[in-house]
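Geometric and topological summary
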Amino acid sequence: MQDTMWPGGVYGTSAPALTSAEKKELEQKSKALLPQAFPDQIRKVLGQELTEDGLNVFHEMLQNRIVLKSMVYMIMDMVWLEIFPEMSDILSGAEALETEE
């Protein structure tokens, strides 16, 4: 198990840093894939131009590390609340996650 967790006895080696060209390519690919994940029904209701503008803003938000961390923490809170509903008074962001049913 130790060799699986720490191959060669080395813990947490990071991947090589991306070049600016690789970053730009990944950004273009992600921007192209985002509209494919958006439902066509909502696109028809909102209109093409509004949908594209909204997806561009959403893509820019996803480039911000603080926004991403906040989203991950909120998702983790949601998972914990599903597993342990009694923790709703402990989790700091739990009240923001509650939905009216």
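Residues numbered from 1 in each chain as written. Predicted model: local features only at pLDDT ≥ 70, side-chain atom pairs only at ≥ 80, totals over all residues. Heavy atoms only, no water.

**Observations concerning the overall build of the chain**
Inclusion rule: The numbering of helices and of strands both runs from the N terminus, where a helix is a DSSP run of H or I of at least 4 residues and a strand a run of E of at least 2. Residue burial is assigned from relative accessible area. The probe radius is 1.4 Å, only protein chains are included, and a residue is buried under 20% of its type maximum, exposed over 50%, and partly exposed in between. The protein chains shown are the only cover counted for residues, whose accessible areas, like all others here, come from Shrake-Rupley with a 1.4 Å probe.
The number of helices and strands found in the chain is six helices and zero strands. Overall, the chain shows an N-to-C arrangement of helices and strands of α-α-α-α-α-α. Out of the 101 residues belonging to the chain, those deemed buried represent 10%. Element-wise, carbon and sulfur atoms account for 61% of the exposed surface of the chain, whose accessible area totals about 9000 Å².

**Side note on the pattern of salt bridges**
Where we set the bar: Any Lys or Arg side-chain nitrogen located within 4 Å of an Asp or Glu carboxyl oxygen qualifies as a salt bridge.
Evaluation of the coordinates by the stated rule reveals one salt bridge. Glu-25 is the salt-bridge partner of Lys-29, the closest N and O atoms lying 3.4 Å from each other. Linking Lys-29 with Glu-25, this pair stays in helix 2 (residues 20-37), spanning four residues, or about one helical turn. Among the residues examined, Glu-25 registers a relative accessible area of 42% and is labelled partly exposed.

**Concerning the packing of aromatic side chains**
The line we're drawing: Centre distance within 6.5 Å is the pairing criterion for rings of Phe, Tyr and Trp, where only the six-membered ring of Trp is used; planes under 30 degrees apart are then read as stacked, over 60 as edge-to-face, and the remainder as tilted.
For the structure shown, the criterion picks out one aromatic pair. Both rings, one in Trp-80 and one in Phe-84, keep their centres 5.5 Å apart while their planes meet at 20°; by these two values the pair is stacked.

**Some thoughts on the packing of helix 2 against helix 4 (residues 48-62)**
This is how it is decided: Axis definition: a line fitted to C-alpha atoms, over the contacting stretch in the case of helices. Angles run 0 to 180 degrees between N-to-C directions. Angular relationships are summarised with four words: roughly parallel below 35 degrees, roughly antiparallel beyond 145, roughly perpendicular across 65 to 115, and oblique for the angles in between. Handedness of a helix crossing follows the sense of rotation of the near helix relative to the far helix, less than a right angle counterclockwise being left-handed and clockwise being right-handed. Should any heavy atoms of two residues lie within 4.5 Å, those residues are considered in contact.
Put simply, helix 2 and helix 4 touch, their axes get as near as 10 Å, and they point 135° apart. Here helix 2 is positioned oblique relative to helix 4, judged by the angle of their axes. At the point where helix 2 passes helix 4, the crossing takes the right-handed sense. Residues Glu-27, Ser-30, Lys-31, Leu-34 and Pro-35 of helix 2 lie in contact with helix 4, whose contacting residues are Leu-55, Asn-56, Phe-58 and His-59.

**Considering the side chain of Thr-51**
Definition in use: Pairs of N or O atoms within 3.5 Å make up the polar contacts considered here, provided that, within protein, one atom can donate a hydrogen while the other can accept it, and that residues adjacent in sequence are counted only when both atoms are side-chain atoms.
Relative to the elements of secondary structure, Thr-51 occurs in helix 4. Overall, the relative accessible area of 3% leaves Thr-51 in the buried class. Reaching out from Thr-51, the side chain makes a polar contact with the backbone oxygen of Gly-47 at a distance of 2.7 Å. Residues contacting Thr-51, with those up to four places away along its chain left out, are Phe-38, Arg-43 and Leu-46.

**Digging into the side chain of His-59**
By the element assignment, His-59 lies in helix 4. Given a relative accessible area of 3%, His-59 falls into the buried group. Those residues within four positions of His-59 in sequence are excluded, and the remaining contacts are Glu-27, Ser-30, Lys-31 and Leu-34.

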